[in-house]
Amino acid sequence: MRVDIWSDVVCPWCYVGKARFDRALATFAHRDEVQVRFHSYELNPTLPRGRSESLLAALARKFSDVPADEIAGMEHRVADAARDEGLAYRSDRRNGNTFDLHRVLHLAGEAGRQAEAVAALNQAHFGAGRDVFDHDIAVEVFTSAGLAPAEVRRVLAGDDYTERVFADERAAHDMRVTGVPFFVVDRTLAVTGARPADLFARTLDQAWARRAQRVA
């Protein structure tokens, strides 16, 4: 059974949602028969590539008509949710264009290291506050996930996997996805957002039961 997840590197609720899904999957009786695939989604595709800025500056510009205390409140809520899941979480992190990182995640997918690469990026970005938009740091992060540093540098320096990113984003558009994380379980059941782990567990059970009925 396959689970497809659309997410963005800088999306904190994707970080939380993945943790909740992972917790549900760990208790799923058929977890060894579940294949998880991550797909590209850009929250801020118009940001310039190759640069980053502080998260607080990015939020202030994006929500220019929202009072600063409300912006801080939004960040505090997701920080609390992350820590409730036992996740390290830094609010003094950087923000930037994620297109190149998504391209390398497709390289990781081909190498069978996509889950490890997503986890490494999450830990570096949200947990350690590292500037993953800097190519030297990105190479270190992806290398820690098992990718060859020369291959990561080659992808970052070129345009490989560009069409893969666009294809993921077209698929999201066709499904009318307007926010992430977005989960599709066994190509039939969708879950939007960082929902509770028990909802993911019920969805996995429901998808497996439907699958068994189709086989029967």
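First, a word on what this report is: a plain description of the structure on this page. (Residues numbered from 1 in each chain as written. Predicted model: local features only at pLDDT ≥ 70, side-chain atom pairs only at ≥ 80, totals over all residues. Heavy atoms only, no water.)

Moving on to the pairing of strand β1 (residues 2–7). In terms of burial, β1 is a largely internal element, 6 of the 6 residues being buried. Read from β1 through helix α1 (residues 12–26) to strand β2 (residues 35–40), the crossover connection turns out right-handed. As paired strands, β1 and strand β5 (residues 182–185) are joined by 4 bridges and run antiparallel to one another. Within β5, the residue paired with V3 across the bridge is V185. (Buried < 20%, exposed > 50% of the residue type's maximum accessible area, 1.4 Å probe, protein only. Helix = DSSP H or I, 4+ residues; strand = E, 2+ residues; numbered from the N terminus. Right-handed = clockwise from strand over helix to strand, strands pointing away. Pairing = 2+ DSSP bridges.)

Now for empty space enclosed by the protein. If you walk through the whole model with that rule in mind, you get 2 cavities of 30 Å³ or more. By volume, the largest cavity amounts to about 190 Å³. What lines the largest cavity is a set of 20 residues, and nearest its centre among them are S7, D8, F38, L105 and V118. Contributions of two or more residues to the lining of the largest cavity are made by β1, α1, β2, α4 (99–110) and α5 (114–127). (1 Å grid on protein atoms, 1.4 Å probe; cavity = no way out; pocket = protein on both sides within 12 Å on 5 of 7 lines; lining within 4 Å. Points joined across faces, edges and corners; volume = space filled by probe spheres on them.)

This part takes up the nonpolar core. With 43 residues, the main nonpolar core has F142 and L204 as its most contacted residues. Contact partners of F142, with chain neighbours within four places excluded, come to L101, V104, L105, A117, L121, L147 and V152. In this structure, V16, A19, A81 and A82 belong to the second largest nonpolar core, which totals 11 residues. (Core = buried A, V, L, I, M, F, W, Y, C linked by side-chain atoms within 4.5 Å. Contact = heavy atoms within 4.5 Å.)

For the rest of this paragraph, the subject is the layout of surface pockets. The volume enclosed by the largest pocket comes to roughly 490 Å³. Residue lining of the largest pocket: 23 residues in total, with P12, L43, L59, K62 and F63 positioned closest to the centre. Where the lining of the largest pocket is concerned, the elements lending two or more residues are α1, α2 (55–62) and α3 (68–84). Classifying every residue of the lining of the largest pocket by side-chain character gives 14 nonpolar, 4 polar and 5 charged. In this structure, the second largest pocket encloses a volume near 260 Å³. (Nonpolar A, V, L, I, M, F, W, Y, C, P; charged D, E, K, R; others polar.)

Turning our eyes to something else, we now look at the pairing of strand β6 (residues 189–192). Taking every second residue as pointing to the same face, the buried face of β6 carries L189 and V191, while none of A190 and T192 on the other face is buried. Bridge count between β5 and β6: 4 bridges; the pairing is antiparallel. Bridging across to β6, F182 finds its partner in T192.

We now examine the pattern of salt bridges. In this structure the tally under the stated criterion is 18 salt bridges. E85 is the salt-bridge partner of R23, the closest N and O atoms lying 3.0 Å from each other. Here R23, found in helix α1, pairs with E85, found in the loop between α3 and β4 (94–96); they are 62 residues apart in sequence, far enough to count as distant. Given the relative accessible area of 45%, R23 is considered partly exposed. Across the salt bridge formed by E116 and R113, the nearest N and O atoms sit 3.7 Å from each other. One network of salt bridges, in which partners are shared, links R20, R23 and E85. (Salt bridge = Lys/Arg side-chain N within 4 Å of Asp/Glu carboxyl O.)

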